[in-house]
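Structure assessment
Spelled out, the chains give:
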Amino acid sequence: MMSKRNRKGLSVLSVVMILCGNLVGCSGMNENSKDVSVSAVEERIKQAISLEEMEKGDMNRLKKLYHIDEKEVQDFVLYTAVSNVKANELAVIKVKQADQVESVQEKIRERIEAQKVKLKDYRPKEFYLVERYVLKANQSYILFVVSEDADTIEAAFDEALS
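For every chain, the first residue of the written sequence is number 1, and numbering continues from 1 along that sequence. Thresholds applied to this predicted model are a pLDDT of at least 70 for local features of residues and 80 or more for the giving and counting of side-chain atom pairs; totals over whole chains, interfaces and linings are not thresholded and use all residues. Hydrogens and waters are ignored; side-chain quantities use all the structure's heavy atoms.

What to know about the packing of aromatic side chains
To pair, rings of Phe, Tyr and Trp, with the six-membered ring standing in for Trp, must have centres within 6.5 Å; the planes then decide the type, stacked if under 30 degrees apart, edge-to-face if over 60, and tilted in the middle. Under the defined criterion, the tally for this structure stands at two aromatic pairs. Both rings, one in tyrosine 66 and one in phenylalanine 144, keep their centres 6.0 Å apart while their planes meet at 85 degrees; by these two values the pair is edge-to-face. Here tyrosine 66, found in helix H3 (residues 59-66), pairs with phenylalanine 144, found in strand E5 (residues 141-146); they are 78 residues apart in sequence, far enough to count as distant. Between tyrosine 133 and phenylalanine 144 the ring centres are 6.4 Å apart and the planes differ by 55 degrees, which places this aromatic pair in the tilted class. Of this pair, tyrosine 133 sits in the loop between helix H5 (124-131) and strand E4 (134-138) while phenylalanine 144 sits in strand E5, and the two are eleven residues apart along the sequence. To sort residues, take the accessible area from a 1.4 Å probe on protein chains only and compare it with the maximum for the residue type: under 20% means buried, over 50% means exposed, and anything in between is partly exposed. Residue tyrosine 133 is classed as partly exposed on the basis of its relative accessible area, which comes to 30%. Each helix is a run of H or I in the DSSP string that is no shorter than four residues. Each strand is a run of E no shorter than two, and both are numbered from the N terminus.

Notes on the environment of glutamate 113
Along the chain, glutamate 113 turns up in helix H4 (residues 101-119). Using a relative accessible area of 45% as the deciding quantity, one classes glutamate 113 as partly exposed. C-alpha of glutamate 113 to C-alpha of valine 130: the two residues are 17 residues apart in sequence and 8.9 Å apart in space.

Some remarks on the nonpolar core
Nine residue types can take part in a nonpolar core, namely buried Ala, Val, Leu, Ile, Met, Phe, Trp, Tyr and Cys, and a core is a set of them joined through side-chain atoms within 4.5 Å. With 24 residues, the main nonpolar core has Leu62, Tyr66, Ile93, Ile108, Ile142 and Phe144 as its most contacted residues. For this core, the secondary-structure elements that each account for two or more residues are H3, strand E2 (73-81), strand E3 (89-95), H4, H5 and E5. With five residues, H4 is the single largest residue contributor to this core. Contacts: residue pairs with any heavy atoms within 4.5 Å of one another. Beyond its immediate chain neighbours, meaning those up to four positions away, leucine 62 contacts His67, Ile68, Val73, Phe76, Leu78 and Ile93. If you look at the next biggest cluster of nonpolar residues, it comprises 21 residues, including Val38, Ala150, Ala156 and Phe157.

Concerning H5
Taken together, the buried positions of H5 are Glu126, Phe127, Leu129 and Val130. Take H5 and look down its axis: the buried residues cluster within an arc of 160 degrees, on one side only. Residues of H5 that are exposed and point over 90 degrees away from its buried face: Pro124 and Lys125. At its buried positions, H5 is contacted by H4 and E5. Within this analysis, the arc is defined by the directions that extend from the helix axis to the C-beta atoms.

So, the sheet that holds E4
Pairing between the strands of a sheet comes from backbone hydrogen bonds, and it takes one of two forms, parallel or antiparallel. When DSSP finds two or more bridges between two strands, those strands count as paired. Sheet architecture is open: five strands sit in the order E1-E2-E3-E5-E4, paired in antiparallel fashion. Each edge of the open sheet is held by one strand with a lone partner, namely strand E1 (54-57) and E4. Here the average twist between neighbouring strands, direction ignored, is 10 degrees. As defined by bridge partners, E1 adjoins E2 across four bridges and the pair is classed as antiparallel. What sits directly across from glutamate 55, in E2, is threonine 80. Against the sheet, helix H2 (residues 38-48) makes contact with E1, E2, E3 and E5, and its axis sits at roughly 30 degrees relative to E2, the strand it touches most. Note on method: axes are straight lines fitted to C-alpha atoms, helices fitted across the in-contact stretch only, with angles between N-to-C directions ranging 0 to 180 degrees.

The following block contains the structure:
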């Protein structure tokens, strides 16, 4: 037979093991999250709409437009209008850490406000598009769209991450 001391020690050990198991089991990403590449999201968007009228941007362009630091970005894809008189923009950004989402979104909001000021009296149609922008986050992914196809792009983004 087990002594009272051994049973108590075994009980404590069992509780500790159960708690550790729960912590390990719950510490990872939740069941609904997916680690999708930004290029996979880009391809899903390209299946939904044509991006031929837009120009693909690099990290320098991302920094120039949104003042986003490389240290915040794990991966991204950026498309902008070929002409600076057009307001069309598409950015899918995956931040390195989830707590960076809000600060990156704030930088994008600053860009939106600057575009509104620039286009308000000069290009009413483009101003209209900027006013109807889409800016949303899904875990560590951020979508920013200024386009007549914003709803379609948003649906493709959601589908790619679902």
